[in-house]
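# Geometric and topological summary
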Amino acid sequence: MHGKKLALKITSYCFLCLFSLFFLFPFVVMFLRSFFTATESLAIGSGLIPKVFYPKSYLDALDPDFLKYTGNTVIVIIANVVGKPLTAAMAAYAFVKVRFKGRKLIFYTAMCTIMLPAILTMIPVYKIFVDLGWNNTLLPLTVPAFFGGGFLNIFLTMQFIRSLPKDMDEAAIIDGANILQLMFRITFPLIMPVIVLVAVQSFFGAWNDFMGPLTYITDERLLTIPVGIYNKFFTAVSPLEAQPNVQMATGVIIMIPPIIIFCLFQKQLVDGVTFTGLKA
Amino acid sequence: MNKNTKYKDILKTGKTLAALKSNITGYLLILPLLIGLIIFTIYPLLLSLYNSFYLDYDGFNNYSEFEFGFGNYIKAFSGYESKLFFKSVGITFSYAVIMVPLGLVLSFAVALFLNQKIRGMVVFRLIYYIPCLIPSIVNAIVFGYIFNSEDYGLMNTFFASIGIPAREFFYSASSEAVVTFAVMSLFGVGGAMLIWLAGLKSIPQSYYEAATLEGSGYFTQLFKITVPLCTPYIFYQLITSVIGTIQICDQVYVLTSEGGRDYSLLFYGVYIYREFQRNNFGYSAALAYMLFIVIAILSAILFRFNKYVYYEGDN
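## Here's the deal with the interface of chain A and chain B
Residue-level contacts link 91 residues of chain A with 90 residues of chain B. Connecting chain A to chain B are zero salt bridges. At the boundary of chain A and chain B, one finds 13 residue pairs in polar contact (both at pLDDT 80 or more). With 17 residues, the top contributor of residues to the side of chain A that touches chain B is helix α1 (residues 2–33) of chain A. Considering only residue class, the side of chain A that touches chain B consists of 67 nonpolar, 18 polar and six charged.

Here you go:
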């Protein structure tokens, strides 16, 4: 019996390591190729080990353009990380704790939005931004974060608020607290884990967003990292001009922040999954 | 008597006041969401519907210059445009039919391996999840090299060393492009895996202990305990991955913005975006509405399966 269990464990480890090799493979490739020179990366049969170790790719990757895109991305991320959790928490609180007319109607309307293909609203929204003259600013990527926060985030927060004990509210009501005091003093501190979760997911969303800036931003100087990088490398005329080694270094650089954030908030992210409304 | 009505009146005004106050607070809290819904969802939806009825509406000229009717919808099914339309529908549909079940089964298997009392589980979980954390542009960079159609590409270097002729991968005009894309997307099963793990963790360990005492084996337990108790998660994942898959757009756009050679990677989402970029607002709105209808129908069908889903606490 004991031997069988040990054998099972060893097999499991073998499989887990095999999977790890599979999932890490592209990133190992990227990492190794980021130390190539441009000419060597285009040489036939150059493989994965650089002949000359060439770390200058990283300096080339961090050029003024990249820093500019990073600056824009940081602004967009701040707006999303603040705006989405805040509006989602406000709406969630209202849906769970406040009785008002049309509550159900608004809730179900918001729920239906998750079925809408993003592209369906994207095109008219683009037109709205153009009419407002916003397509030459960062507003299309920042302002919407303060209006809605995304239904899934609202739902997640609602589930969390529902799971809180109610007696603290009752005690505070007896002490004469009003709804806003209840919300900011009692509920919000208790729902910090889910607010952090929504903030972290908003970070990933803003860091990875490609279609948003591609559609709404016309000014090259206002692009965020993904589209900026895309324009820099993927519209180049010749393979050499596309600097494959710098591409790889850039890839390594922009992978780092999401990985750090995931490591820091792993617990919230993993626990949060159980709250995604799987108990319909 | 008089006193009584007075009390009732006071009570009543008190109640109405409280209700009014509650209504005002409610709307204040919901206001950002409500404004967002109206400006960024409902109004655009109506505008999109309106645009879709003007044949070849370009988004900027006056509506009176365009023909009103079902022109855009008919356009998709006739003439030159229908070739692209049916091609994109075929690619998207066949991709979804194969890759949704495959993705779910593979991610479930990976989650089963991870759901053991194993040291280093956190590290494995991170490694499997990394491909889901990174922007699609990084995928384009690294897989653009691995599956490069030139001889210096990694796979082609490997093929050359074992004597297989070089392949074109993403730049192929045949279904090879979609197959390459499918292989690339397998790296993304970590996202679904994370949700499966949550599902597996929610199953009480005592069920397995009881089953082991009764002498049932691993696979009996898997299909009699694990899978039935995971049905809420299966249901959720099925819906989200079906809806996600038929909307695929940016992962392809970063590889081949116009849908590849001979449109071999023209997923439906890419097709809509391509028409939008050519200022065919009317036509792309019609295409997007058809996608919306398909998603609504699929969701309705999938929700019929809800009755087979076991929710803890139900009878």
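## With respect to the environment of Lys 5 of chain A
Residue and element names in this part refer to chain A. By secondary structure assignment, the location of Lys 5 is in helix α1. Judged by relative accessible area, which is 57%, Lys 5 ranks as exposed. As for Lys 5 and Tyr 108, which are separated by 103 residues in sequence, their C-alpha atoms are 50 Å apart.

## Points about the domain arrangement of chain B
Segmenting chain B into domains produces domain 1 (2–49) and domain 2 (76–308). Here domain 1 of chain B and domain 2 of chain B have C-alpha centroids that lie 43 Å from each other.

## Quick look at helix α8 (residues 190–201) of chain B
An α-helix turns once every 3.6 residues. As a result, residues three or four positions apart point the same way. Between its first and last C-alpha atoms α8 of chain B spans 16 Å; for twelve residues at 1.5 Å apiece the expected length is 16 Å, and the two agree. Taken together, the buried positions of α8 of chain B are Gly 190, Ala 192, Met 193, Leu 194, Ile 195, Trp 196, Leu 197, Ala 198, Gly 199 and Leu 200 of chain B. Summarising the contacts, the buried residues of α8 of chain B are in contact with α15 (266–273) of chain A together with α3 (79–114), α4 (121–133), α10 (218–229) and α11 (231–245) of chain B.

## Comments concerning the packing of aromatic side chains
What the rule picks out here adds up to 62 aromatic pairs over all chains. When the centroid spacing of 5.7 Å and the interplanar angle of 65° are considered together, the rings of Phe 203 of chain A and Phe 204 of chain A count as edge-to-face. Of the two residues examined, Phe 203 of chain A and Phe 204 of chain A, each falls in the buried class. A ring pair is formed by Tyr 57 of chain B and Phe 66 of chain B, whose centres lie 5.4 Å apart and whose planes are at 90°; its orientation type is edge-to-face. Each member of the pair, Tyr 57 of chain B together with Phe 66 of chain B, is buried. Over the ring of Phe 36 of chain A we find Arg 33 of chain A, and its NZ or CZ is 4.4 Å from the ring centre. A cation over a ring is seen here: Lys 75 of chain B above Tyr 283 of chain B, with NZ or CZ 4.3 Å from the ring centre.

The rules behind each value
- Residues numbered from 1 in each chain as written.
- Chains lettered and ligands numbered in written order.
- Predicted model: local features only at pLDDT ≥ 70, side-chain atom pairs only at ≥ 80, totals over all residues.
- Heavy atoms only, no water.
- Contact = heavy atoms within 4.5 Å.
- Salt bridge = Lys/Arg side-chain N within 4 Å of Asp/Glu carboxyl O.
- Polar contact = N/O pair within 3.5 Å; in protein donor to acceptor, adjacent residues only side chain to side chain.
- Helix = DSSP H or I, 4+ residues; strand = E, 2+ residues; numbered from the N terminus.
- Nonpolar A, V, L, I, M, F, W, Y, C, P; charged D, E, K, R; others polar.
- Buried < 20%, exposed > 50% of the residue type's maximum accessible area, 1.4 Å probe, protein only.
- Domains from an automatic or database assignment.
- Expected span 1.5 Å × (residues − 1).
- Phe/Tyr/Trp six-rings, centres within 6.5 Å; stacked < 30°, edge-to-face > 60°.
- Lys NZ or Arg CZ within 6 Å of the ring centre and 35° of its normal.

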